[in-house]
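The chain contents come next:
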Amino acid sequence: METLKEIVVISGKGGTGKTSLVAALASLFIDKVMVDCDVDAANLHMILSPERIIRESAFSGGKKAAIDLARCTGCGVCRDVCRFGAISSDFIVDQLSCEGCGACYLFCPAHAVNFSPHTAGHWYVSDTGNHARFVFAELLPGEDNSGKLVAAVRNEARVEAESMGKRLIIIDGPPGIGCPVISSVTGTNLAIVVTEPTPTGVHDLERVIALANHFRLRAAVVVNKCDINPSWLAAIKEYCDAGNHTFLGEIPYETAITEAQRAGKAIVDYNPGCDASNAIRAIHTKLQSILEEI
Ligand code: SF4
Ligand code: SF4
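Predicted model only: the values in this text are computed from it and were never measured.

The rules behind these values
Residues numbered from 1 in each chain as written. Chains lettered and ligands numbered in written order. Predicted model: local features only at pLDDT ≥ 70, side-chain atom pairs only at ≥ 80, totals over all residues. Helix = DSSP H or I, 4+ residues; strand = E, 2+ residues; numbered from the N terminus. Buried ≥ 20, exposed ≤ 12 C-beta atoms within 10 Å, placed from the backbone. Near = placed C-beta within 6 Å. Nonpolar A, V, L, I, M, F, W, Y, C, P; charged D, E, K, R; others polar. Domains from an automatic or database assignment. Axes fitted to C-alpha atoms, helices over the stretch in contact; angles between N-to-C directions. Parallel < 35°, antiparallel > 145°, perpendicular 65-115°, else oblique. Left-handed = near helix turned anticlockwise from the far one by under 90°. Contact = placed C-beta atoms within 7 Å. Pairing = 2+ DSSP bridges.

**Focus on the overall build of the chain**
- Across its full length, the chain carries 11 helices and 9 strands.
- Expressed along its principal axes, the backbone C-alpha trace of the chain runs to roughly 70 × 40 × 35 Å.
- Counting only residues that meet the buried cut, the chain has 45% of its 294 residues in that class.

**Let's talk about the site of ligand 1**
- Close contacts around ligand 1 come from 13 residues, with Cys 72, Cys 75, Val 77, Cys 78 and Cys 108 the closest.
- In the shell around ligand 1, the residues fall into 10 nonpolar, 3 polar and no charged.

**A few points about the domain arrangement of the chain**
- Splitting the chain by domain gives domain 1 (5-50 + 128-293) and domain 2 (62-119).
- Averaged C-alpha coordinates put domain 1 and domain 2 at centres separated by 42 Å.

**Some words on the site of ligand 2**
- The local shell around ligand 2 holds 14 residues, among which Ala 65, Cys 82, Cys 98, Cys 101 and Cys 104 are the closest.
- Across the shell around ligand 2, the residue classes break down as 11 nonpolar, 2 polar and 1 charged.

**A short note on the packing of helix α7 (residues 199-214) against helix α8 (residues 230-243)**
- Direction vectors running N to C along α7 and α8 enclose 20°, while the axes themselves pass 10 Å from each other. By the angle between their axes, α7 is roughly parallel relative to α8. Along this stretch, α7 crosses α8, giving a crossing that reads as right-handed. Mapping the contact onto sequence places Pro 199, Gly 201, Val 202, Leu 205 and Ile 209 in α7 and Trp 232, Ala 235, Ile 236, Tyr 239 and Gly 243 in α8.

**Some remarks on the sheet that holds strand β7 (residues 190-195)**
- Pairing is mixed across the open sheet formed by 9 strands, whose spatial order is β3-β4-β5-β2-β6-β1-β7-β8-β9. A single partner strand is all that each edge strand has here, and the edge strands are β3 (52-67) and β9 (246-251). Strand after strand, the sheet turns through a mean of 20° between neighbouring axes, direction not considered.
- In the packing of α8 onto the sheet, the strands contacted are β7, β8 (219-224) and β9, and the crossing angle to β8 comes to about 175°.
- Helix α11 (residues 275-293) rests against β1 (5-11), β7, β8 and β9 of the sheet, and its axis sits at about 160° to β9.

**Topic: the pairing of β1**
- In terms of burial, β1 is a largely internal element, 6 of the 7 residues being buried.
- Pairing analysis gives 6 bridges linking β1 to strand β6 (residues 168-175), with the strands arranged parallel. Counted as the bridge partner of Ile 7 is Ile 170 from β6.
- Note that β1 and β7 share 4 bridges and pair parallel. The residue of β7 that forms the bridge with Val 8 is Ala 191.

**Considering the pairing of strand β5 (residues 133-139)**
- Most of β5 is tucked away, with 6 of its 7 residues classed as buried.
- As paired strands, strand β2 (residues 32-36) and β5 are joined by 3 bridges and run parallel to one another. Pairing of Val 33 across the sheet is with Arg 133, part of β5.
- As paired elements, strand β4 (residues 113-127) and β5 share 7 bridges and run antiparallel to each other. Residue pairing for β5: Ser 126 is matched across the bridge by Phe 134.
- Counting the residues that bridge the hairpin from β4 to β5 gives 5 residues, and of these Gly 129 lies at a positive phi of roughly 95°.

**Description of unusual backbone geometry**
- One non-glycine residue, Phe 91, adopts positive backbone phi at about 65°.
- Look at Arg 216: it is not a glycine, yet its phi comes out positive at around 50°.
- Tracing the backbone shows Arg 216 in the loop between α7 and β8.

Next up, the structure:
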């Protein structure tokens, strides 16, 4: 059996059209597992429309403190040692402010502090029809363990791909270059970087490519709304040539892309004949060749 390959679609910031491209690739690639690693703002499920949840689990984001008021003597030691101001004057722990350092638990003379794992989110393995699988997650408000949740989601995607004999995992990565992005790209075979032909688009592209280089990850560049500024498009192509980064393709601005999003569909299904759909099919063809090489 061919080896399982993972490609991740990322961008330096949100709103570049990354998820629209991922949704289109989900429609064009047959034998794959889809993953939404943008756990802080998951939205791929609005287009992939899971038919049913097959498996799900709570995700523990670490430990947090809670004070048992029946045992608490009111000595105040916990408030003195808490560097995050998470304990109120009546000894209630604010769960959003508690950083889980454990100091109050260690120093409480009355052993009144419970320090236990808490639920930070949930992940889901779903069926999107035709034996296709989609793994996604949601992080609860105020939680910041998105890097760990991304790792959990990717692990479930691999379990699913291996048990179903799938050869490809396509990951919708979070925007930016932070911890959840690093969790999304680590160990993948290819990063598709989506950008726009603007000065900030070029700046964000450079930052994301630097991240890919750091992890010795091959990067391939897609320019969305390629026709809004020809000179910046040319600059991106020159940058790719100079750095030996694959220029994967360019997608023209198309109002049908927004209409497709509103309709909860991939553009290649919503309007298969439009220029954007043609461009994405060309990207898909090129990607298939690259996947043969890597
Ligand atoms: S250190 Fe323990 S006993 Fe003292 S106020 Fe805090 S929870 Fe209560
Ligand atoms: S675990 Fe740390 S951050 Fe949380 S309440 Fe106790 S001392 Fe404060």
